[in-house]
Structure formats: structure tokens, C-alpha cells
Amino acid sequence: MVSSDNNVNQQQKDFKKNNNESVLNRVENLIVSILLSLVLILVLIQVFSRFITGNSVTWAGELSRFVAVWLIFIGSAIALRRNLHIQVENLYNVVSPKISLVMLLFRNIIIVALLFLISVGSLDMLEIVSIQTSPGLGINMSFVYSVLPVAIILMIVILLFQTITRFRKKRG
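Quick caveat: nothing in here was measured; it's all calculated off a predicted structure.

1. Section: the nonpolar core
Generally speaking, nonpolar side chains in soluble globular proteins are found buried as a group.
Inference 1: Ala77, Leu80, Leu115, Ala151, Ile152, Met155, Ile156, Ile158 and Leu159 form the largest nonpolar core, which has 9 residues in total.
Inference 2: The dominant element in this core, judged by the number of residues it contributes, is helix 6 (residues 147-171), at 6 residues.
Inference 3: Among residues more than four places away in sequence, those in contact with Leu115 are Ile152, Met155, Ile156 and Leu159.
Inference 4: Counting 7 residues, the second-largest nonpolar core is a separate cluster that includes Val39, Leu42, Val57 and Val67.

2. Structural notes on the side chain of Thr163
Inference 1: Counting through the fold element by element, Thr163 comes out in helix 6.
Inference 2: Classification of Thr163 as buried rests on a relative accessible area of 12%.

3. Things to note about a nonpolar patch on the surface
Inference 1: On the surface, Phe106, Ile110, Leu114, Phe116, Leu117 and Val120 cluster together into a nonpolar patch covering about 600 Å² of accessible area.
Inference 2: Mapped onto the elements of the fold, Leu117 is located in helix 4 (residues 97-129).

4. As for the side chain of Arg81
Inference 1: The residue Arg81 is located in helix 2 (residues 58-81) in this model.
Inference 2: Here the side chain of Arg81 touches Glu28 through a polar contact of 2.6 Å, side chain to side chain.
Inference 3: In contact with Arg81, other than residues within four places in its own chain, are Glu21, Leu24, Asn25, Glu28, Ile158 and Gln162.

Conventions used here
- Residues numbered from 1 in each chain as written.
- Predicted model: local features only at pLDDT ≥ 70, side-chain atom pairs only at ≥ 80, totals over all residues.
- Heavy atoms only, no water.
- Core = buried A, V, L, I, M, F, W, Y, C linked by side-chain atoms within 4.5 Å.
- Buried < 20%, exposed > 50% of the residue type's maximum accessible area, 1.4 Å probe, protein only.
- Helix = DSSP H or I, 4+ residues; strand = E, 2+ residues; numbered from the N terminus.
- Contact = heavy atoms within 4.5 Å.
- Patch = residues over 30% accessible without salt bridge, like charges linked within 9 Å, V, L, I, M, F, W, Y side chains within 5 Å.
- Areas by Shrake-Rupley, 256 points an atom, 1.4 Å probe, with all protein chains shown as cover.
- Salt bridge = Lys/Arg side-chain N within 4 Å of Asp/Glu carboxyl O.
- Polar contact = N/O pair within 3.5 Å; in protein donor to acceptor, adjacent residues only side chain to side chain.

Any link to function would need more than the numbers given here.
Written out as C-alpha cells, the structure reads:
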């Protein structure tokens, strides 16, 4: 009777985890789809205005570049969560699982340290660009550059979560 209760509890945990993953994937896909659609629409507006009417809509080109930058950085965090960044896995496959886990921990510590250094520089950069406005839209450039700390924080949280999850899986 105890083992069937454990199986039910494990199935409920798996369902919640898969359901949370599914919701997260849908939210990520929605955000990326909206940003990509926005870039497409803005570029089409720019092309139409330039070649059909003969007048350039400067704000459309500028906004499409800003949205594309946000798309790239948010997409990079999503790729990190889904483990889609380029990596060499051969070494992980030829060593023991314990050494592989230590290597993964070492890799994640290095990545978090580099992300931390980049975040410090990005915060300094935000301070510098806070006095600038974009020429076409007139928005504060710190809004555009704020994607750096946002994406870096996302990446650090993802790496910490993945590392903790991997260690719990190995112990349990």
C-alpha cells in the first residue's frame, strides 16, 4: 500500500513539473512570437513606407532594432534553459557521473561569474545611457539597454535552478 501511495505522489509531482514546464514553454513561445511578429510588422512598415510612398518612417526602423535586441537576449536566456547553446558534450560522456557532475558545477560557476561581471558592466552602461534618448522615438536609451541586466538575471536564475535540480537528481 505504501508503494502505491509513493507512486501516486511521484505521478502528481511529475504532472505538476510537466505542467509547469508546459506553461513556461507556452509563455516563452508567446513572448518570442510577439517580439518576432513585432519586428516583422515594423520592417514591413519601413519597407512599405520607403519603397511605396517614398518617405522613410524612422521610428519603425529604430523600434525594430530595439525589439530585435530584446528578442536576441530573451531568446538567449530561453536557449540556456532549454540547453540549446553550443557545447562540447564528449568529455561529459567519457567520465564517471560524479566527475561529470563536478565538471557541470565548475562550468556553471564560471558562467555565473562571467554573467555577474557582464551585469556589473551593464549597470554602469545603464547609468551612462540614461541621459541619452533615441533620435527617432525619443525614448530613454536605458530602456533599450535594460535588456542586459534582465537577461543576465534570468540566465543566472536558470543556471542556479538547473544546478540545484541536477544535484538533487543525483542524490535522490
